[in-house]
Amino acid sequence: MKEQTGFDVAIAGAGASGLAAAVTAAGAGARVLLMERMDRVGKKILATGNGRCNLTNLEISARHYHTRDRAALAEMLAQMPAQKTLSFFEGLGLLCSMPEDGKIYPYCFQASMVLDCLLAAIRRRRVCTALKFDVAAVKPRGRDFAVLSVDGRCVTARCVILAGGGLAAPKLGGTGGLYQVARDLGHTVTPLYPCLVPIKCKNAFAGGLKGIRVRARGVLTCAGRRLGEQTGEWLFTDYGLSGIPALQLSCLLWKLDAPYEIQIDFFPDWKPERLAALLDARRGICETLEEWLLGTVPKRVGYAVMKSVGLAPLSRPVAGVDAAQTAALVRALKGWTFEVTGPLSWEQAQTTGGGVPLSEIDPETCMSRRRRGLFLTGELLDAAGNCGGYNLHWAWNTGMAAGLAAARMARRDRSV
């Protein structure tokens, strides 16, 4: 097939990061080609935030991300305040909301509007697009790069930005193919694992709780070592645990076959002594175990926890429960244990953990330290954010940084 030449910047991947890079690079005067493996651009954006697109968050800091290089991440995030994202979208004509919880959405709460504004911007800036362009390789060619597709097409450009997504949500385009391209160009890739994904667990007494939601604190441990905790609304499922707290903790499950456990505390604001006193006081108003926890935790949850410590049958009189059994119930209510068997599959994941180490890119421009003119952004990099707009914030801002730097480099080199 005929080779396309003369581009300043070729961008592999037309998701959030690639679109931000294209808008920025073209706005800086570069001739840009945006390549997308799917038959349309920005498909994954439409699914973000349950179709509402949580653009960013007012509180941007490294504590909301997971990476093996926290110092480099903190340095990069210091240059990426939330206002930078807001200014970018305001420049595209998108009106944004300012809620009290810090999460920023488009004012109309429609992800489709975010994509529409981005598409309008690349049209105005004369960005060329190549759909169904599945990048097979990127080859240095003199001072330029040749980008080769699986179907034989070839594009040359002065700079290349690898902005393809990770392995998460393959139905929306996540194949992770650009990790190998990065390896071929000299980069390393740390082990990849699904993030923001429900967790598969074992608990012999949790059967029958599917669909029940409860506000609680969950503590994740590995071989007895505390890794993290999350408080919020947990969802019991037939495979284990879901809900935002579970998704957040899934980002810490990066060791294969590690002995992870989650302890669920149904009374996170109560000390054990206060809970024990409450149970003792309820003896005077309850006749059977079936009534003992009514009005405290969801009924089926209470039944399951009692059975897990040997308090059965439920028709048993409360008066017959001794101090040791009461103490065991208190411990269970403050730390009901689930053995983690692993995360759900990539199909249910929202983002990818691991990736190209941040030490291998320039923190200001996202340019490769291994290959001049090559840039890496978004999910390809070893930085996975929590729920709340952090992953999109990372995508937009690494895309903007790479797009601007690539455009300036290409224009400078062309003028020499």
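Residues numbered from 1 in each chain as written. Predicted model: local features only at pLDDT ≥ 70, side-chain atom pairs only at ≥ 80, totals over all residues. Heavy atoms only, no water.

The name that an unreviewed UniProt entry assigns to the protein chain is Aminoacetone oxidase family FAD-binding enzyme, with the source organism given as Anaerotruncus colihominis. Word for word, the UniProt comment on the protein chain under Cofactor (unreviewed entry) is "FAD". (UniProt positions renumbered as here; feature names shortened; annotations may be inferred.)

J.: Please set out the overall build of the protein chain residue by residue, giving values where relevant.
T.: Across its full length, the protein chain carries eleven helices and 19 strands. Burial status across the protein chain gives 56% buried among its 416 residues. Of the accessible surface of the protein chain, which amounts to about 17900 Å², a share of 51% is contributed by carbon and sulfur atoms. Treating the 51 positive side-chain charges of the protein chain as one cloud and the 36 negative ones as another, the clouds have centres 5 Å apart. (Helix = DSSP H or I, 4+ residues; strand = E, 2+ residues; numbered from the N terminus. Buried < 20%, exposed > 50% of the residue type's maximum accessible area, 1.4 Å probe, protein only. Areas by Shrake-Rupley, 256 points an atom, 1.4 Å probe, with all protein chains shown as cover. Lys, Arg positive; Asp, Glu negative; His and termini not counted. Charge placed at Lys NZ, Arg CZ, Asp CG, Glu CD.)

J.: Which residues make up the pattern of salt bridges, and what values go with them?
T.: For the coordinates displayed, the defined rule picks out 13 salt bridges. Between R217 and D265 there is a salt bridge; the shortest N-O distance is 3.1 Å. Here D265 lies in strand β15 (residues 260-265) and R217 lies in strand β12 (residues 213-222), a separation of 48 residues in the sequence. Members of the salt-bridge network, linked through shared partners, are R143, R158, R372 and D413. (Salt bridge = Lys/Arg side-chain N within 4 Å of Asp/Glu carboxyl O.)

J.: Which residues make up the packing of helix α3 (residues 82-91) against helix α11 (residues 390-415), and what values do they have?
T.: Following both chains from N to C, one finds α3 and α11 inclined at 75 degrees, their axes separated by 10 Å at the closest point. Between α3 and α11, the angle is such that the two are roughly perpendicular. Packed against α3, whose contacting residues are A82, K84, T85, F88 and F89, the element α11 presents H393, W396, N397 and M400 at the interface. Grouping the constituent residues of the contact of α3 with α11 by class yields five nonpolar, three polar and one charged. (Axes fitted to C-alpha atoms, helices over the stretch in contact; angles between N-to-C directions. Parallel < 35°, antiparallel > 145°, perpendicular 65-115°, else oblique. Contact = heavy atoms within 4.5 Å. Nonpolar A, V, L, I, M, F, W, Y, C, P; charged D, E, K, R; others polar.)

J.: Report on the packing of helix α9 (residues 299-308) against helix α10 (residues 323-334), specifying residues and quantitative values.
T.: Closest axis-to-axis distance for the α9/α10 pair is 9 Å, and the angle between their directions is 125 degrees. Viewed along their axes, α9 and α10 adopt a mutual orientation that is oblique. Along this stretch, α9 crosses α10, giving a crossing that reads as right-handed. On α10, the residues touching V305, M306 and S308 of α9 are L329, A332 and L333. Here the contact of α9 with α10 is composed, by residue class, of five nonpolar, one polar and no charged. (Left-handed = near helix turned anticlockwise from the far one by under 90°.)

J.: Describe the UniProt feature "domain: RsdA/BaiN/AoA(So)-like insert" (unreviewed entry) in the protein chain, and please don't skip the residues or the numbers.
T.: Under the UniProt annotation, "domain: RsdA/BaiN/AoA(So)-like insert" (unreviewed entry) lies at residues 193-350. The distance from the first to the last C-alpha atom of residues 193-350 is 11 Å, and the span holds 28% helix and 29% strand.

J.: I'd like to hear about the nonpolar core, residue by residue, with values.
T.: Counting 92 residues, the largest nonpolar core has F89, L118, L162, W394 and W396 as its most contacted members. Take this core: its biggest share by element is 13 residues, from α11. Those residues within four positions of L162 in sequence are excluded, and the remaining contacts are A12, V138, L178, V181, A182, L374, F375, L376, T377 and L380. Residues L220, F236, M306 and L329 belong to the second largest nonpolar core, which totals 45 residues. (Core = buried A, V, L, I, M, F, W, Y, C linked by side-chain atoms within 4.5 Å.)

J.: An account of the UniProt feature "transmembrane region" (unreviewed entry) in the protein chain is requested, with residue identities and associated values reported.
T.: Per the UniProt record, the feature "transmembrane region" (unreviewed entry) sits at residues 12-34. As a span, residues 12-34 carries 52% helix and 17% strand, and end to end its C-alpha atoms are 6 Å apart.

J.: Please provide a residue-by-residue account of helix α2 (residues 70-77), values included.
T.: Turn by turn, an α-helix covers 3.6 residues, leaving residues three or four places apart pointing in a common direction. Among the residues of α2, A72, L73, M76 and L77 are the ones counted as buried. The buried residues of α2 occupy one face: seen down the axis, they fall within an arc of 130 degrees. (Arc of directions from axis to C-beta.)

J.: Give me the domain arrangement of the protein chain: which residues, what numbers.
T.: Split by domain assignment, the protein chain resolves into domain 1 (4-193 + 351-413) and domain 2 (199-343). For domain 1 and domain 2, the distance between their C-alpha centroids amounts to 41 Å. Listed per partner, the contact involves six residues of domain 1 and eight residues of domain 2. Our enumeration of links across domain 1 and domain 2 arrives at zero salt bridges. (Domains from an automatic or database assignment.)

J.: Which residues make up the sheet that holds strand β11 (residues 199-202), and what are the values?
T.: One closed barrel holds the six strands; their spatial order is β11-β14-β13-β12-β15-β16, and the pairing between them is antiparallel. Within this sheet the neighbouring strands show an average axis-to-axis angle of 45 degrees, counted without direction. Of the pairings in the sheet, the one linking β11 to strand β16 (residues 336-343) comprises four bridges and is antiparallel in character. Bridging across to β16, K202 finds its partner in E339. On the sheet, α10 packs against β12, β15 and β16 and is oriented at approximately 110 degrees with respect to β15. (Pairing = 2+ DSSP bridges.)

J.: Before we move on, can you summarise the packing of aromatic side chains with the specific residues and values?
T.: According to the stated counting rule, one finds nine aromatic pairs in the structure shown. Taken together, a centroid distance of 5.5 Å and an interplanar angle of 65 degrees make the contact between F267 and W270 edge-to-face. Assessed through its relative accessible area of 22%, W270 is described here as partly exposed. Joined through ring pairs, the aromatic side chains of F236, F266, W336 and F338 make up one cluster. Residue placement shows R31 over the ring face of F7; its charged tip is 4.2 Å from the ring centre. Here the guanidinium or amino end of R68 rests over the ring plane of W254, the centre of that ring lying 4.5 Å away. (Phe/Tyr/Trp six-rings, centres within 6.5 Å; stacked < 30°, edge-to-face > 60°. Lys NZ or Arg CZ within 6 Å of the ring centre and 35° of its normal.)

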